Amino acid sequence: ADIISYIAMFVRGEVDFLDPQYKSYSLYYLPTDAPINRENRFGYVLRDIDSEGSEELLLTSGGYGELYDYIDAIVTIKDGKIYPIAYEGGARNRFYLCQNNIISNEGSNGAAYSVSKYYRVVDGKLIRIESVYSEQGKDCIIWYNSVNHSEPKQISTAEAEQIQSNYVHQSLTPVIIK
């Protein structure tokens, strides 16, 4: 079945993402702030983000004032099976679709600890192209940058902000499922 078929099956009640078989793909927990059920609203966007000719399913539950712009999960279906590409998005671990089909994964573990990772999707997997992260130093926050899994190098706050500004989030307009 294709992605649209799975969505239609879910809406009709034929596929239940509350079923434990989906737990390993974290679809069981979507949207991340409340388990999927037919009373919660969430949406989806179909987009060919890996340029392989088939659309991936971007699931979004919105919230936090961002109106569905962050992504809870990205999945694809091959040979009739669901395969996760990115999942477990949420308040402190968000996925965004950026220009040129780059996926941004932005997270935080407090004021001094944040990370922004940027990926391309290749063969159904996230391939990191760059990351920027911070950690608490003795008297300040220290920023680092890594390109293509290279050894991280320390950078200034201005350099970190410049790198992050290179990855512009796209606004999503999902089909809303009630």
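Read on for a plain summary of the structure. What you are looking at is a predicted structure, and each value in this text was computed from that prediction instead of being measured.

**Concerning the environment of I155**
- Considering the arrangement of structural elements, one finds I155 in strand β10 (residues 153-155).
- A C-alpha to C-alpha distance of 9.7 Å links I155 and S134, two positions 21 residues apart in sequence.

**Quick notes on the pairing of strand β3 (residues 73-78)**
- The buried fraction of β3 is high, at five of six residues.
- Two elements, strand β2 (residues 56-60) and β3, share three bridges in a ladder whose sense is antiparallel. By the bridge assignment, L59 is partnered in β3 with A73.
- Where β3 meets strand β4 (residues 81-86), five bridges bridge the pair, whose relative direction is antiparallel. Considered in β4, the bridge of V75 is made with P84.

**Some points on the nonpolar core**
- Counting 13 residues, the largest nonpolar core has I49, L58, I71, I74, L97 and I103 as the members making the most contacts within it.
- If you list the elements that add at least two residues to this core, you get β4, β5 (93-97) and β7 (114-122).
- Apart from the residues within four sequence positions on either side, I103 is in contact with I49, I74, F95, Y96, L97, K117, Y118, Y119, V121 and L126.
- Listed in part, the nine residues of the second largest apolar core include W143, A160, I163 and Y167.

**As for unusual backbone geometry**
- One non-glycine residue, N101, lies in positive phi territory at about 60°.
- Note on placement: N101 falls in the loop between β5 and β6 (103-108).
- Here the phi dihedral of N148 falls at roughly 50°; this positive angle occurs in a residue that is not glycine.
- With respect to the helices and strands, N148 occurs in the loop between β9 (141-147) and β10.

**Looking at the sheet that holds β9**
- Strand order in the open sheet made by the six strands is β5-β6-β7-β8-β9-β10, with antiparallel pairing throughout. Only two strands of the sheet have a single neighbouring strand rather than two, namely β5 and β10. The sheet shows a mean angle of 25° between the axes of neighbouring strands, taken without regard to direction.
- As judged from the seven bridges shared by strand β8 (residues 125-136) and β9, these two strands associate in the antiparallel manner. If you follow S134 over to β9, its bridge partner there is W143.

**Overview of the environment of S54**
- Here S54 lies in the loop between β1 (42-47) and β2.
- For S54, a relative accessible area of 35% translates into the label partly exposed.
- Each C-alpha atom of the pair S54 and I77 lies 9.1 Å from the other, and the pair is 23 residues apart in sequence.

The rules we used
The written sequence of each chain sets the order in which its residues are numbered from 1. Thresholds applied to this predicted model are a pLDDT of at least 70 for local features of residues and 80 or more for the giving and counting of side-chain atom pairs; totals over whole chains, interfaces and linings are not thresholded and use all residues. Excluding hydrogens and water, the side-chain values take into account all heavy atoms of the structure. For the purposes of this entry, the term helix denotes a DSSP run of H or I that reaches at least four residues, the term strand denotes a run of E that reaches at least two, and both are numbered from the N terminus. Classification of residues uses two cut-offs on accessible area relative to the type maximum, computed with a 1.4 Å probe and protein chains only: under 20% is buried, over 50% is exposed, and between them is partly exposed. By definition, two strands form a pair when at least two bridges between them are found by DSSP. The criterion is simple. A nonpolar core is a set of buried Ala, Val, Leu, Ile, Met, Phe, Trp, Tyr and Cys residues joined through side-chain atoms within 4.5 Å. By the convention used here, residues are in contact when the closest approach between their heavy atoms is within 4.5 Å. For every element, the axis is a line fit to its C-alpha atoms; helices are fit only across the contacting stretch, and the angle between N-to-C directions ranges from 0 to 180 degrees.

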